[in-house]
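Survey of secondary and tertiary structure
Chain by chain, the residues run as shown.
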There are 2 protein chains.
Amino acid sequence: MTQQQVVAVMGRGALDPAEPVVGADDLGLTRGDGCFDATRIEWDGEGWLAHDLDEHLERLRASATALGIDAPSDDDWFELVGDALERWTGGEVGLKMVLTRGEEHRGHRPLAFLTLTEIDEHTLRQREGISVVTLSRGYASDAFDGAPWLLGGVKTLSYAVNAAARREATRRGADDALFVSSDGYVLEGPTSAVVWLKDGTLTTTPVGATGILDSISRRAIWAADVPWTLEERLAPVSDLLAADGVWFVSSVRGLAPLVELDGQALTSDVEATSALRVAMG
Amino acid sequence: MTQQQVVAVMGRGALDPAEPVVGADDLGLTRGDGCFDATRIEWDGEGWLAHDLDEHLERLRASATALGIDAPSDDDWFELVGDALERWTGGEVGLKMVLTRGEEHRGHRPLAFLTLTEIDEHTLRQREGISVVTLSRGYASDAFDGAPWLLGGVKTLSYAVNAAARREATRRGADDALFVSSDGYVLEGPTSAVVWLKDGTLTTTPVGATGILDSISRRAIWAADVPWTLEERLAPVSDLLAADGVWFVSSVRGLAPLVELDGQALTSDVEATSALRVAMG
């Protein structure tokens, strides 16, 4: 199935989406040596609204800094996003901004580009509820402590394991995967953070030594006026099975309530789901 | 510095190396979701000799199978390598063969291409000896057991951590990194296997649960007529410090004796180095 898409390259502007943009020697391609960030854009009646674009650009810059890659300025990105949106004729859309280290043998000049892609029906349906299986991420919950070369919290282009975990989840008849540390703690989804509610406390996994991504959606909830105590701590999977509600949060798919975990039905809380949706904007 | 390079794409043949080959929507680029393999090619006086090309194509196919990507036939690769070599005017050359899952939103048709790149002076010099620092790989030595989605032993395009580890080694004034498991065992280099000799026994780290790559150079040594007992076992870093000789082996750089590990001088064995070089072909 072909979905509507716009591609725009820094310094060149919008291109035919079928036109190649990256050379065979680019380290972003040959080594996954680069970073990206993504959010969704909606028409708010008067103009396009890119959710938390400032925060996503800030995180993209932090990823680039961790990798030692020069990032374009926010103004250059704003301009490129604007150029791309002029070509966009659809509705709600996923924005992905990508930065590579550039060509290995021809000067390492970073390449920056973006894609606008229609958010498909399949993803939209997942906002109603998803089934999830737990999969080991292989790392202990403190594996990233003092080891910056492991790129914990950096949104790199090296997502093969994330993609493989999602294929494994599909193979097991589930919609998505939840990574668990080798010492048994809840981490994150391949492209989502996880939050759960129990007795008025909303909990998530701490960033840092766990290596998980600092989720902008999760931060939006923490910054909003939600009626719960907020907590970050390591928790076993059994805490999710006993929760009053569990959600995956991410910028493109948005809020996805977990209805099943490893084949066990989870409690859902419709009111909390609404409150979280408001908090995420 | 620009190095001589030839780029050839399956179904298209040789192209200008500066011409982009991969689209912005290709999962090999946006997710590191693809695989590669690499070896070196030398002029043997009568024709080009690609070292262990059959074994590298076999491993590339195994990587593709693990990822669920359809790989081109060996004959198609042989033809593409031949086309590329017709353009090659230099000497000893690194061959990289790359396979991506294809475009996420336009049908997942795999993309296959190769590069021929001059082996630079810097790499050639490392065959004389390298200094290495140990870095944690974050995983325990049995992390990949029963977890195929972690892609242990699969040569994926998601090498950002391998690249970051080498940058960290450079930052510490060393030539390369040696990954160590979280439980303290020797694993592999970012792009090499490690072997060491002690009292007539040549040892390496086992593949499988460790997640390390099944090195074709290491296999060539094991298959050759070497005068040592051969052994695969988990070993602490102290075994390397006490060894009679330690080497990184890989297909492009070849054999690189370790002269220093974490700032400590290592014993070198010139005779064993010669014997290993012969064994690797």
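Placed above this text is the structure.
What you are looking at is a predicted structure, and each value in this text was computed from that prediction instead of being measured.

Definitions and cut-offs
Residues numbered from 1 in each chain as written. Chains lettered and ligands numbered in written order. Predicted model: local features only at pLDDT ≥ 70, side-chain atom pairs only at ≥ 80, totals over all residues. Heavy atoms only, no water. Helix = DSSP H or I, 4+ residues; strand = E, 2+ residues; numbered from the N terminus. Rg over C-alpha atoms; globule rule 2.2 N^0.38 Å. Buried < 20%, exposed > 50% of the residue type's maximum accessible area, 1.4 Å probe, protein only. Contact = heavy atoms within 4.5 Å. Lys, Arg positive; Asp, Glu negative; His and termini not counted. Charge placed at Lys NZ, Arg CZ, Asp CG, Glu CD. Buried area = accessible area lost by both parts, 1.4 Å probe. Salt bridge = Lys/Arg side-chain N within 4 Å of Asp/Glu carboxyl O. Polar contact = N/O pair within 3.5 Å; in protein donor to acceptor, adjacent residues only side chain to side chain. Pairing = 2+ DSSP bridges. Axes fitted to C-alpha atoms, helices over the stretch in contact; angles between N-to-C directions. Least-squares fit on C-alpha atoms with pLDDT ≥ 70 in both.

Observations regarding the overall build of chain A
Within chain A, the secondary structure is distributed over 8 helices and 14 strands. Its C-alpha radius of gyration of 19 Å places chain A within 12% of the 19 Å reference for a compact globule of 281 residues. Buried residues in chain A amount to 58% of all 281 residues. Here the contacts in chain A between residues at least 6 apart in sequence split such that 72% fall between residues at least 24 apart. For chain A, the separation between the mean place of its 24 positive charges and that of its 45 negative charges on side chains is 6 Å.

Structural notes on the interface of chain A and chain B
Where the parts come together, the accessible area they lose is often given as the size of the interface. On the chain B side, the residues contacting the 54 residues of chain A number 54 residues. Carbon and sulfur atoms supply 58% of the area that chain A and chain B bury against each other, a total of about 4600 Å² over both sides. Per-residue buried area on chain A facing chain B is highest for Leu29, Arg31 and Trp149 of chain A; these three make up 17% of the total on that side. Put simply, chain A and chain B have 2 salt bridges between them. One salt bridge in this structure joins Asp33 of chain A and Arg167 of chain B, with 3.6 Å as the shortest N-O distance. Taken together, chain A and chain B are joined by 24 residue pairs in polar contact (both at pLDDT 80 or more). Secondary structure elements with two or more residues in the side of chain A that touches chain B: strand 1 (5-9), helix 1 (27-30), strand 5 (93-100), strand 6 (111-118), strand 7 (130-136) and helix 5 (160-171) of chain A. Among the elements that take part in the side of chain A that touches chain B, helix 5 of chain A stands out by supplying 7 residues, more than any other.

Topic: the sheet that holds strand 2 (residues 13-15) of chain B
All names here are of chain B. Judged by pairing direction, the sheet is antiparallel, and its 6 strands sit side by side in the order 2-1-6-5-3-4 without closing on themselves. If you trace the sheet from one side to the other, it starts and ends with strand 2 and strand 4 (48-50), each paired once. Neighbour to neighbour, the strand axes of the sheet diverge by 25 degrees on average, direction disregarded. Inspection of the sheet shows strand 3 (residues 34-43) paired to strand 5 (residues 93-100) by 8 bridges, in the antiparallel sense. Each bridged residue has a counterpart across the sheet, and for Asp37 the counterpart in strand 5 is Met97. In the packing of helix 2 (residues 53-67) onto the sheet, contacts are made with strand 3, strand 4 and strand 5, and the angle to strand 3 comes to roughly 175 degrees.

As for the relation of the copies chain A and chain B
You can overlay chain A on chain B at an RMSD of 0.0 Å; the transform is a turn of 180 degrees with a shift of 0.0 Å along its axis. Expressed as a symmetry operation, the mapping of one chain copy onto the other fits a two-fold axis. It is Ser158 of chain A whose C-alpha, among those of chain A, lies nearest the rotation axis, at 2.0 Å.

Thoughts on the side chain of Thr210 of chain A
All names here are of chain A. Structurally, Thr210 is set in the loop between strand 10 (201-204) and helix 6 (216-223). Among the residues examined, Thr210 registers a relative accessible area of 7% and is labelled buried. Among the polar contacts made by the side chain of Thr210, one reaches the main-chain carbonyl oxygen of Pro206 at a distance of 2.7 Å. Residues contacting Thr210, with those up to four places away along its chain left out, are Ser141, Phe144, Leu187, Thr205 and Leu234.

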